[in-house]
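Chain residues, written in single-letter form:
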Amino acid sequence: MRKYLWNQLILPGINLSDADYKICYESVRKFRPKVFWGFTSALAGFAEYIENNEKDVSDLKPQLVITWAAPLYEHEKKMLMSVFGCPVTNIYGTREVGHIAAICPHGSFHINQENLLVETDDVDGDYGGKDVGEILVTTLENTPMPFIRYRMGDVGRIASSGCSCGRSLQVMKDFLGRTGEIYITRDGRMISPNFWCRTFMNDRIARAFKRFQVIYKRDGNISIKLVRKDNNSHEAESLLKEFLKKNFHSDIKVDFDYVEKIEPQISGKYQMVINEAKNS
Ligand SMILES: [Zn+2]
């Protein structure tokens, strides 16, 4: 029904295997969507499937890819843009309070101020001040259950627009990830999930590893799960060690745990960083 009335095609979005992506690919080829809208992990996984299996989508020419329900990391954005050949945006929101912010064509994360009051809270100075804090949302529309300063569990900074797209809506900056995913070094530097994205986007490292997961252990050390692309990862491993030496205190032990697969969470999202120390 939805397909005909709304001209939408709904495909599965969690725990997808290559066989599921194959079905998605065939459905998409027939449906020829103008816009792809889905979980970041599902769309990034779909793009990866298309790229790895040398499927051709060059004639589909969608106008936009909208990712949501998880941040869109640089490497995912790059891959989606190259596979689908169109702009890629990301919506930040939750089921409880709706769409909080979305990336405009000029790359700013504009806040949906018409419907929400978005603030940050950094009373303890946990995130080094400079207005960076946990994001709090208050809904402005009259509903039976308003949310007042609802804690999102994400860390960011709110700034005035100044965006060249012309929208005057405030923007979210320094979007650092979930509160539990941020690691503060002894000298007070913040290591956000983006640090790991940038590290693993390094050409030589990206060539060697398919997937990774960083675990900040309770004893203060770090364990990194790695899924190799091939067995020749010695050079990438020493480069990785070099990056870590520069950014973490020298007495922190980092071990590499080579695995066949990193399982997603029940929601289907891949957790890039697990902070056992904070989740205890
Ligand atoms: Zn803008």
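For the structure itself, consult the block above.
All of these numbers come straight from a predicted model, not from anything done at the bench.

Undergrad: Explanation requested: the pairing of strand β14 (residues 254–258) in the structure shown.
TA: Each regular strand displays side chains that alternate between the two surfaces of the sheet. Judged from the 5 bridges that link them, strand β13 (residues 222–228) and β14 form a sheet pairing that is parallel. Following the sheet pairing, K225 is matched in β14 by D257.

Undergrad: Teacher, can you tell me more about the environment of G45 here?
TA: With respect to the element layout, G45 can be found in helix α3 (residues 40–52). As a C-alpha pair, G45 and D174 span 129 residues in sequence and 25 Å in three-dimensional space.

Undergrad: What exactly am I supposed to notice about the packing of aromatic side chains here?
TA: Working definition: an aromatic ring pair is given by the centre-to-centre distance plus the angle between the planes. Tallying each qualifying case throughout the model produces 15 aromatic pairs. Consider the rings of F36 and F46, whose centres lie 6.5 Å apart with planes at 50 degrees: the pair is tilted. Of the two residues, F36 is situated in strand β1 (residues 35–39) and F46 in helix α3; the sequence distance between them amounts to 10 residues. Taken individually, F36 and F46 each receive the classification buried, so the pair is uniform in this respect.

Undergrad: Where do I start with the sheet that holds β14 in this structure?
TA: Sheet strands pair via backbone hydrogen bonds, and the direction of the pair is either parallel or antiparallel. Strand order in the open sheet formed by 4 strands is β14-β13-β12-β15, with mixed pairing between adjacent strands. Of all strands in the sheet, those bounded by a partner on one side alone are β14 and β15 (273–275). Each adjacent strand pair in this sheet contributes to an overall mean axis angle of 20 degrees, direction not counted. When strand β12 (residues 209–216) meets β15, the two strands line up parallel, connected through 3 bridges. Each residue of the ladder has a partner; that of Y216, found in β15, is N275. Where helix α5 (residues 193–201) meets the sheet, it contacts β12, β13 and β15, and its direction lies at approximately 150 degrees from that of β12. With respect to the sheet, helix α7 (residues 234–247) is in contact with β12, β13 and β14, its orientation differing from that of β14 by roughly 150 degrees.

Definitions and limits used
- Within any chain, residue numbers begin from 1 and follow the written order of that chain's sequence.
- At least 70 in pLDDT is required for a residue's local features to be given in this predicted model, at least 80 for side-chain atom pairs to be given and counted, and no such filter applies to totals for whole chains, interfaces and linings, which use all residues.
- Side-chain metrics rest on all non-hydrogen atoms present in the structure, leaving aside hydrogens and water.
- By this definition, two strands are paired if DSSP reports at least two bridges between them.
- Helix numbers and strand numbers start at the N terminus; a helix is a DSSP run of H or I with at least 4 residues, a strand a run of E with at least 2.
- Two aromatic rings, drawn from Phe, Tyr or Trp (for Trp, its six-membered ring), form a pair once their centres lie within 6.5 Å of each other, and the interplanar angle then sorts them: stacked below 30 degrees, edge-to-face above 60, tilted otherwise.
- Relative accessibility under 20% of the residue-type maximum defines a buried residue, over 50% an exposed one, and the middle range a partly exposed one, all with a 1.4 Å probe and only protein chains included.
- Where helices are involved, their axes are fitted lines through C-alpha atoms of the stretch in contact, as for all axes, and angles between N-to-C directions lie from 0 to 180°.
- In this description, contact between two residues means that some pair of their heavy atoms is separated by no more than 4.5 Å.

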